[in-house]
Amino acid sequence: MTRKIFMCVIMAFVLCGVAHADIAYTTSDGGLGLIKINGESSIDVKGIQYQGSASNPLVAPYWTGGNSRLAVISRTTDTTTSGDTVMIFSPSDLTQPLTSSPTVLEGIYNAQDVSYSNNGRGLFITSGTKLTQFSAENFGVVRSFDFAGYFGSKDSSPESHTVLTSSRIYTLVDSGDNESAMFSFDGQLTQADGNMSVTRIRYRANSMAWLNNSSIALAHSRGVYIIGGGNMSSDIPVISLCPDSSYGFYFITQDSSGNSTLSHYGVNISTDLHTDNNGGSVIAVRDASYNVLAAKFGGKIRLYRMKDDTFLGEYDSSQLGGVPVSMAVTSSSGSEGNDSSSGCNLSGIGAVMAGVCLLLLRRKRI
């Protein structure tokens, strides 16, 4: 793999401040599990805290404007039913939901990603061809946008994947053919009055991450594309990106045979941490005291200490209480302001470094 393509990206990733958080995970048979992070090298796998009955649920944190909450979404692809349902938990106790019964997410079938507004008023969920905003108070539909038809006759049913929120809402949509697009909205989720912009990407992409509030990196089939910064090629598709605790980042590549490699790009050097043939996804837990990386490969979760990439342990389905399918940090944060920021901002030297990096990047049409 071409390692040098990532030398400039490292300068742009900065730490996203999150209060101390543990790792919640769901299992294929509906379990909600917990991994306690007691220190940068102290891990306590608590296992299943709550056993539901859904298959392959999705877990995601969100902010209510005063409290951190965890949503567990039971997903279905059967459009003859009412749709996906959600149960709400407090991060401090995953043994009992705060809701007595599941709440239907109207119009949502097989949810792919969840993000939340910084003011605690809304959640944004991607599903099928749509991005839908729900009230954080009662999960009523606020508004929705359908991407069907935006890729022309090649595909009338594109798939919405990752959603990010800041002062705007960003959604990555796969055409199902050979291209993708990132849609940017204001809080109204409408194309009226110039409130929507579209960045076309000539590769298939389904994962994106912040560089800062105005620059986003997209992992795609030919490498990484930085919005406004340029395209960087890679011999092996990059399927996910995640910033580390400093100015580097972790990334996963996956070849055509399904072999996935988790790597860490630090100060001008890339280090492979693990290779697996079961695919994978990556998520980082970052807080003021501890920085632990959790990477899921097939039916196991591997943990690393970010400071020096020390391997902390590998836990299989028997130890986790089931086959893991989704992971998330348990904590969320926000403000009482009126913006939609998710709280990820560049500051000081990080902003300067990102700006310099964008000037140095080789620019070309994507």
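Source: prediction; values computed, not measured. (Residues numbered from 1 in each chain as written. Predicted model: local features only at pLDDT ≥ 70, side-chain atom pairs only at ≥ 80, totals over all residues. Heavy atoms only, no water.)

### As for the sheet that holds strand E23 (residues 270–276)
- Strand order in the open sheet formed by 4 strands is E20-E21-E22-E23, and the pairing between neighbours is antiparallel. Because the sheet does not close on itself, it has two edges, and the strands there are strand E20 (238–243) and E23. Adjacent strand axes in the sheet meet at a mean angle of 20°, parallel and antiparallel pairs treated alike.
- In this sheet, E23 lies alongside strand E22 (residues 260–265) in antiparallel orientation, the contact comprising 6 bridges. When the bridges of E23 are listed, Ser 260 appears paired with Asp 276. (Pairing = 2+ DSSP bridges. Helix = DSSP H or I, 4+ residues; strand = E, 2+ residues; numbered from the N terminus. Axes fitted to C-alpha atoms, helices over the stretch in contact; angles between N-to-C directions.)

### As for the packing of aromatic side chains
- This model, assessed by the stated rule, comprises 10 aromatic pairs.
- Centre to centre, the rings of Phe 147 and Phe 183 are 4.6 Å apart; their planes meet at 55°, and the pair counts as tilted. Of this pair, Phe 147 sits in the loop between strand E11 (141–146) and strand E12 (159–165) while Phe 183 sits in strand E14 (residues 180–185), and the two are 36 residues apart along the sequence. Across this residue pair, the class does not change: Phe 147 and Phe 183 are buried.
- Sitting over the face of the ring of Phe 151, Arg 200 holds its NZ or CZ atom 5.3 Å from the ring centroid. (Phe/Tyr/Trp six-rings, centres within 6.5 Å; stacked < 30°, edge-to-face > 60°. Buried < 20%, exposed > 50% of the residue type's maximum accessible area, 1.4 Å probe, protein only. Lys NZ or Arg CZ within 6 Å of the ring centre and 35° of its normal.)

### What about the confidence of the model for the chain?
- Within the chain, residue pLDDT values average 81, and 80% of them lie at 70 or more.
- Scored below 50 in pLDDT, residues 337–366 makes 74 contacts in the model with residues more than four places away or belonging to other chains. (pLDDT = per-residue confidence, 0-100. Contact = heavy atoms within 4.5 Å.)

### Points about the pairing of strand E5 (residues 68–74)
- Counting buried positions over the 7 residues of E5 gives 6, a clear majority of the element.
- Direction of pairing for strand E4 (residues 58–63) relative to E5: antiparallel, over a ladder of 6 bridges. Its bridge partner lying in E5, Val 59 is registered against Val 72.
- Two successive antiparallel strands, E4 and E5, enclose a turn made up of 4 residues, where Gly 65 displays a positive phi of approximately 105°.

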